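Topology and contacts: notes
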Amino acid sequence: MTPELPSPSPRIQGWCPGALRPMRAEDGWVLRVRPPLGRLTQAQAAGIAALAARYALHTVELTSRANLQLRGITEANYPPLLAGLQALGLVDADVHTESRRNLLLAPFWQAGDGSTELAEALAQALASPQAPDLPGKFGFALDSGATPVLRANSADIRIERHGSGFLVYADGSAAGAWAPAGEAVALAMELAQWFVQAGGRAGPHRRMAALLASRALPACFTTTPVPPVAVYQPPLGRVPLGYLVALEFGQLPVATLAALAEMAPLRLTPWRSLLLEGVQSLPAQPELITRSDDTRLRISACTGAPGCGQAAGVTRVLARRLADVLPAGQTLHVSGCSKGCAHPAPTLTVVATATGYNLIHHGNAASPPDSVGLTPAALATQLQERAHATPL
Ligand code: SF4
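The rules we used
Residues numbered from 1 in each chain as written. Predicted model: local features only at pLDDT ≥ 70, side-chain atom pairs only at ≥ 80, totals over all residues. Heavy atoms only, no water. Helix = DSSP H or I, 4+ residues; strand = E, 2+ residues; numbered from the N terminus. Rg over C-alpha atoms; globule rule 2.2 N^0.38 Å. Buried < 20%, exposed > 50% of the residue type's maximum accessible area, 1.4 Å probe, protein only. Areas by Shrake-Rupley, 256 points an atom, 1.4 Å probe, with all protein chains shown as cover. Lys, Arg positive; Asp, Glu negative; His and termini not counted. Charge placed at Lys NZ, Arg CZ, Asp CG, Glu CD. Salt bridge = Lys/Arg side-chain N within 4 Å of Asp/Glu carboxyl O. Pairing = 2+ DSSP bridges. Axes fitted to C-alpha atoms, helices over the stretch in contact; angles between N-to-C directions. Contact = heavy atoms within 4.5 Å. Domains from an automatic or database assignment. Buried area = accessible area lost by both parts, 1.4 Å probe. Polar contact = N/O pair within 3.5 Å; in protein donor to acceptor, adjacent residues only side chain to side chain. Nonpolar A, V, L, I, M, F, W, Y, C, P; charged D, E, K, R; others polar.

When you go through the protein chain residue by residue, the secondary structure sums to nine helices and 22 strands. Since a compact globule built from 392 residues should have a radius of gyration of about 21 Å, the 21 Å found for the protein chain is in line with a globular shape. Along the first, second and third principal axes, the C-alpha set of the protein chain runs to 60 × 45 × 45 Å. Going through the 392 residues of the protein chain one by one, you find that 51% of them count as buried. When the accessible surface of the protein chain is summed, it comes to about 17300 Å², and 56% of that surface belongs to carbon and sulfur atoms. Put simply, the protein chain has 30 plus and 27 minus side-chain charges, and the middle of one group is 4 Å from the middle of the other.

Spelled out as structure tokens, the structure:
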């Protein structure tokens, strides 16, 4: 039976949309596909491309949680779209299971290294009726490679390979607890249970790091220091497991998805890129970004107007225009409002307001502006002046 759409209250957005519980936006319903293990078989990728072409906007979005987002879905198109995704094996059994399976697996796992088994065991534990009742955005990062790569990605409980086992720790803590592989999931669930019992679910942010500002972890979760690692720079192009490609603003045209599906299974990354398993070379396609120095990687933007009802202006068109005048090495985020949901980290930021665009030299969309009420032309002029004044 097709679940009913939630009542349309687009301003209440305390959850991440799923396939079974989509979210209303100005341009229709928004639905997210959470592929198991962050991987799509060729048939699944081709199937999503065909379904989006028929029932949604013709651009699929890559999210920072390694999910695929489909938008512009009408109420009439939702049931056949959901049925199509279910036939592809991409929908959980129920809303409870879907919303709890908020699990980010580092994309460079290899068959036989234990990563997928650990991820499956964690997904199973989260789906259990005994699992703690976690907030919708509460997530787990499973970093099972030799070196952690997900430290900069949002998560509340982190599980990292550490010696012969795993280090399980709360996001924001400088120490965690070590466990052999067979006990890591149980330890992570114990930590999640502590979060709920300590009041994290009722807190203003409902996130682990926010809770740690006022509550100390039990000593058993702080026995092993979290080792420092250099900030991970996600690669593009050829990598040992295949070929990594990114897309401007994470926007993947359905025709491109269909073409990639013919080449290889796809792994989704939290860096809004795709790993084409086993592929060693790619025919040139202008929409695919394959080099880390591509200017398109330095700009980001949220949906903005007209897709988001809270946006006071367009974002992506403006970001593209401003990319040409950015100082070398500088990144830019354009946000449709001060919520800044697509980029919480500080950088050069432009925020649309009812009276023009605000410019923040270094901050996020909620930071105090350095200039207010600018037109796109005035913004471009200010950035040009910055480029000349502060060569990097
Ligand atoms: S930041 Fe962008 S996408 Fe998020 S609510 Fe504001 S306008 Fe909408």
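From this point, the discussion proceeds with the structure in view.
Let's shift gears to the pattern of salt bridges. Pairing is possible between side chains of opposite charge, provided their charged atoms come close. One pass over the full model with this rule turns up 14 salt bridges. With its nearest N and O atoms 2.9 Å apart, the salt bridge here joins Asp156 to Arg207. Here the residue Asp156 occupies a position in the loop between β7 (140-143) and β8 (157-162), and Arg207 occupies one in the loop between α5 (181-197) and α6 (208-212), the gap between them amounting to 51 residues. Linking Asp294 and Arg296 is a salt bridge whose minimum nitrogen-to-oxygen distance equals 2.8 Å. Judged by relative accessible area, Asp294 falls into the buried class, the value being 19%. Salt bridges here are not isolated pairs; linked through shared partners, they connect Asp27, Glu61, Arg71 and Arg316.

Most of strand β13 (residues 242-247) is tucked away, with six of its six residues classed as buried. The sheet contact formed by strand β12 (residues 237-239) and β13 spans three bridges and is antiparallel. Within the sheet, the bridge partner assigned to Val239 lies in β13 and is Gly242. Counting the residues that bridge the hairpin from β12 to β13 gives two residues. In the sheet, β13 pairs with strand β17 (residues 288-289) via two bridges, with the strands oriented antiparallel. Paired with Ala246 across the two strands is Ile289, which belongs to β17.

Time to look at the sheet that holds strand β4 (residues 59-62). Strands sit in the order β1-β2-β5-β4-β14 across an open sheet of five strands; the sheet is antiparallel. The sheet is open, and its two borders are formed by β1 (23-25) and β14 (251-253), each paired with just one other strand. Geometrically, the sheet is characterised by an average inter-axis angle of 35° between neighbouring strands, direction not taken into account. Seen against the sheet, helix α1 (residues 42-55) touches β2 (28-33), β4 and β5 (68-73) and runs at an angle of roughly 20° to β5.

Right, let's get into the domain arrangement of the protein chain. Where the parts come together, the accessible area they lose is often given as the size of the interface. According to the domain assignment, the protein chain consists of domain 1 (23-93 + 240-289), domain 2 (109-225) and domain 3 (295-389). Spacing between the C-alpha centres of domain 1 and domain 3 amounts to 27 Å. The interface is formed by 14 residues belonging to domain 1 together with 14 residues belonging to domain 3. With both sides pooled, the region where domain 1 packs onto domain 3 buries about 1000 Å², and carbon together with sulfur makes up 54% of that total. Of all residues in domain 1, Glu248, Phe249 and Ile289 give up the largest surface area on contact with domain 3, accounting jointly for 55% of the area buried on that side. For the interface between domain 1 and domain 3, the tally reads two salt bridges. When the shortest N-O distance is used, the salt bridge between Arg320 and Glu248 registers 3.0 Å. The interface formed by domain 1 and domain 3 contains four residue pairs in polar contact (both at pLDDT 80 or more). Split by residue class, the side of domain 1 that touches domain 3 holds six nonpolar, one polar and seven charged.

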